[in-house]
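Single-letter residue listing:
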Amino acid sequence: AIEYLGVVGGGEERARLYAGETDPEVKLTLLESLMVSGRKEAMFEIATTDPDPKMRGAAIEYLGVMGAREQLERLYTEEASVELRAQILESYMIGGAVEALERAARHETDRRLRMDAIEYLGMTSRDRSGPVLLDLYRNAGDVEEKEQAPEALFIPGNAEELIEILPSSDEPDP
């Protein structure tokens, strides 16, 4: 019955049911129902307030599926947990948020998250991510970041950008 609520409406009712629910399986079903109905703000509320990190993570994933870029960006700037921030980056990728991934790749202070952002850029639209990855390669701050960009370019088959970096590569072949 909960699944049908996602199709026929009842957004406020689902959010109320979620708040009072303790069974994780039922909560996940309610999250799916909220996703199906496109209730981005209700999903954002759960992603920011649920005390269970697994439920918050599921809500973050669904925000990516929903293409809720605005909510994900608000969440990314507010979230302290590195693990949940990593999930937000993955949700950016799922939702095709190239600009948000680029910002994280350029400005994120946590190295692991910066590397994740570069990797996820390679899994987005190659027309949009190719030039960004090429620029990240050219301006990389260290060897690992410089190596991550060509790997990310390879994933979607950005041959033109890969050819452009070949002459400038000063790293020996492995």
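Residues numbered from 1 in each chain as written. Predicted model: local features only at pLDDT ≥ 70, side-chain atom pairs only at ≥ 80, totals over all residues. Heavy atoms only, no water.

## Quick look at the overall build of the protein chain
Summing up its helical and strand segments, the protein chain has 12 helices and zero strands in all. Helices and strands in the protein chain line up, N terminus first, as α-α-α-α-α-α-α-α-α-α-α-α. Within the span of the protein chain, comprising 174 residues, buried residues form 43% of the whole. Roughly 9,300 Å² of accessible area belongs to the protein chain as shown, and the carbon and sulfur atoms make up 52% of that amount. (Helix = DSSP H or I, 4+ residues; strand = E, 2+ residues; numbered from the N terminus. Buried < 20%, exposed > 50% of the residue type's maximum accessible area, 1.4 Å probe, protein only. Areas by Shrake-Rupley, 256 points an atom, 1.4 Å probe, with all protein chains shown as cover.)

## Thoughts on the nonpolar core
By size, the foremost hydrophobic cluster in this structure holds 40 residues, and its most contacted members are Leu31, Met43, Leu89, Tyr92, Leu101 and Leu121. Where this core is concerned, the elements lending two or more residues are α3 (24–36), α4 (40–49), α5 (53–65), α6 (69–78), α7 (82–95), α8 (98–107), α9 (111–121) and α10 (126–138). Setting aside anything within four residues of it in sequence, one finds Met43 in contact with Leu31, Leu34, Met35, Ala59, Tyr62, Leu63 and Met66. (Core = buried A, V, L, I, M, F, W, Y, C linked by side-chain atoms within 4.5 Å. Contact = heavy atoms within 4.5 Å.)

## Considerations on the packing of α4 against α6
For any two helices packed against each other, one specifies the crossing angle of their axes together with the interaxial distance. Where α4 meets α6, the closest approach of the two axes is 10 Å, and the angle between their N-to-C directions is 15°. Between α4 and α6, the angle falls in the class roughly parallel. Between α4 and α6 lies a crossing of right-handed hand. Each of Lys40, Glu41, Phe44, Ala47 and Thr48 in α4 lies in contact with α6, whose residues at this interface are Gln71, Arg74, Leu75 and Glu78. For the contact of α4 with α6, the residue count by class is three nonpolar, two polar and four charged. (Axes fitted to C-alpha atoms, helices over the stretch in contact; angles between N-to-C directions. Parallel < 35°, antiparallel > 145°, perpendicular 65-115°, else oblique. Left-handed = near helix turned anticlockwise from the far one by under 90°. Nonpolar A, V, L, I, M, F, W, Y, C, P; charged D, E, K, R; others polar.)

## Considerations on the confidence of the model for the protein chain
Of the residues in the protein chain, 78% reach a pLDDT of 70 or more, and the chain-wide mean stands at 82. For the stretch residues 4–8, pLDDT sits under 50, and the model shows nine contacts to residues farther than four places along the chain or on other chains. (pLDDT = per-residue confidence, 0-100.)

## Quick word on the packing of α3 against α5
Contact geometry of α3 with α5 gives a least axis separation of 10 Å together with a crossing angle of 20°. As judged from the angle between their axes, α3 and α5 are roughly parallel. As α3 runs across α5, the sense of the crossing is right-handed. Across from Pro24, Lys27, Leu28, Leu31, Glu32 and Met35 in α3, the residues of α5 making contact are Met55, Ala58, Ala59, Tyr62 and Val65. Looking at the contact of α3 with α5 residue by residue, the classes come out as nine nonpolar, no polar and two charged.

## Looking at the layout of surface pockets
The calculated volume of the second largest pocket comes to roughly 160 Å³. Every residue along the wall of the second largest pocket is listed here: Ala15, Tyr18, Ala19, Lys27, Ala42, Glu45, Ile46, Thr49, Asp50 and Pro51. Of all the secondary structure elements, the ones that give two or more residues to the lining of the second largest pocket are α2 (11–20) and α4. The greatest single-element share of the lining of the second largest pocket, amounting to four residues, is contributed by α4. Here the lining of the second largest pocket is composed, by residue class, of six nonpolar, one polar and three charged. (1 Å grid on protein atoms, 1.4 Å probe; cavity = no way out; pocket = protein on both sides within 12 Å on 5 of 7 lines; lining within 4 Å. Points joined across faces, edges and corners; volume = space filled by probe spheres on them.)

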